[in-house]
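Structural description and commentary
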Amino acid sequence: MSLPTLDSEALDGSCFAVARALLWQRGPVSVEPIKELASALARTAREHAEYLTGQQYDPNIVTRALEYLERHHAMPTGDAEVWSKATLEILVELACCNTGPSAASEPFYRDIEAGLARARAGYSSA
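Read on for a plain summary of the structure.

Each value, and the rule that gives it
- Residues numbered from 1 in each chain as written.
- Predicted model: local features only at pLDDT ≥ 70, side-chain atom pairs only at ≥ 80, totals over all residues.
- Heavy atoms only, no water.
- Helix = DSSP H or I, 4+ residues; strand = E, 2+ residues; numbered from the N terminus.
- Expected span 1.5 Å × (residues − 1).
- Buried < 20%, exposed > 50% of the residue type's maximum accessible area, 1.4 Å probe, protein only.
- Contact = heavy atoms within 4.5 Å.
- Polar contact = N/O pair within 3.5 Å; in protein donor to acceptor, adjacent residues only side chain to side chain.
- Disulfide = S-S within 2.5 Å.

**Comments concerning unusual backbone geometry**
- Although it is not a glycine, Gln56 sits at a positive phi angle of roughly 70°.
- For Gln56, the location among the structural elements is in the loop between helix 2 (31-54) and helix 3 (61-72).

**Side note on helix 2**
- The end-to-end C-alpha distance of helix 2, which contains 24 residues, comes to 34 Å, matching closely the 34 Å that a straight helix rising 1.5 Å per residue would cover.
- The complete set of buried residues in helix 2 reads Ile34, Leu37, Ala38, Ala40, Leu41, Ala42, Thr44, Ala45, His48, Ala49 and Leu52.
- Looking at the packing, one finds that the buried side of helix 2 touches helix 1 (8-22), helix 3 and helix 4 (80-95).
- For helix 2, the N-terminal cap is Ser30; the gap from its side-chain oxygen to the backbone nitrogen of Glu32 is 3.3 Å.
- Among the residues trailing helix 2, Gln56 stands out with phi positive, at a value near 70°.

**With respect to the state of the cysteines**
- A complete count under the given rule lists zero disulfides for this structure.
- Here Cys15 is not cross-linked by a disulfide; its sulfur's nearest cysteine counterpart is in Cys96, at 18 Å.
- For the unlinked cysteine Cys97, the closest cysteine sulfur is that of Cys96, found at 7.4 Å.

Here it is, written out as structure tokens:
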């Protein structure tokens, strides 16, 4: 089975959207800080994509994680770069567990599954 290749254009667009959401404020905003944050986030995202490919996962998981962040969690924050990189790391870890199995985490895994089932029930009936 061959893996998909990373859609770099989609990844860059998602990084920009997250950066824009994190740096949003009322009134005019210079695009330069948004571009700088998007570029830093893209570098991190590409590292995750390379890792995912090496583990035989679709590298576009990273783009989908960024899209999820932008839609559900991105808002102005104190240190946008630290927040975005740490949050992306967590989402990639949940999608592609690489820290090794731990029975101690099972209760939280069940919480995640229950939350996803509830979220899916909300849009599948719409």
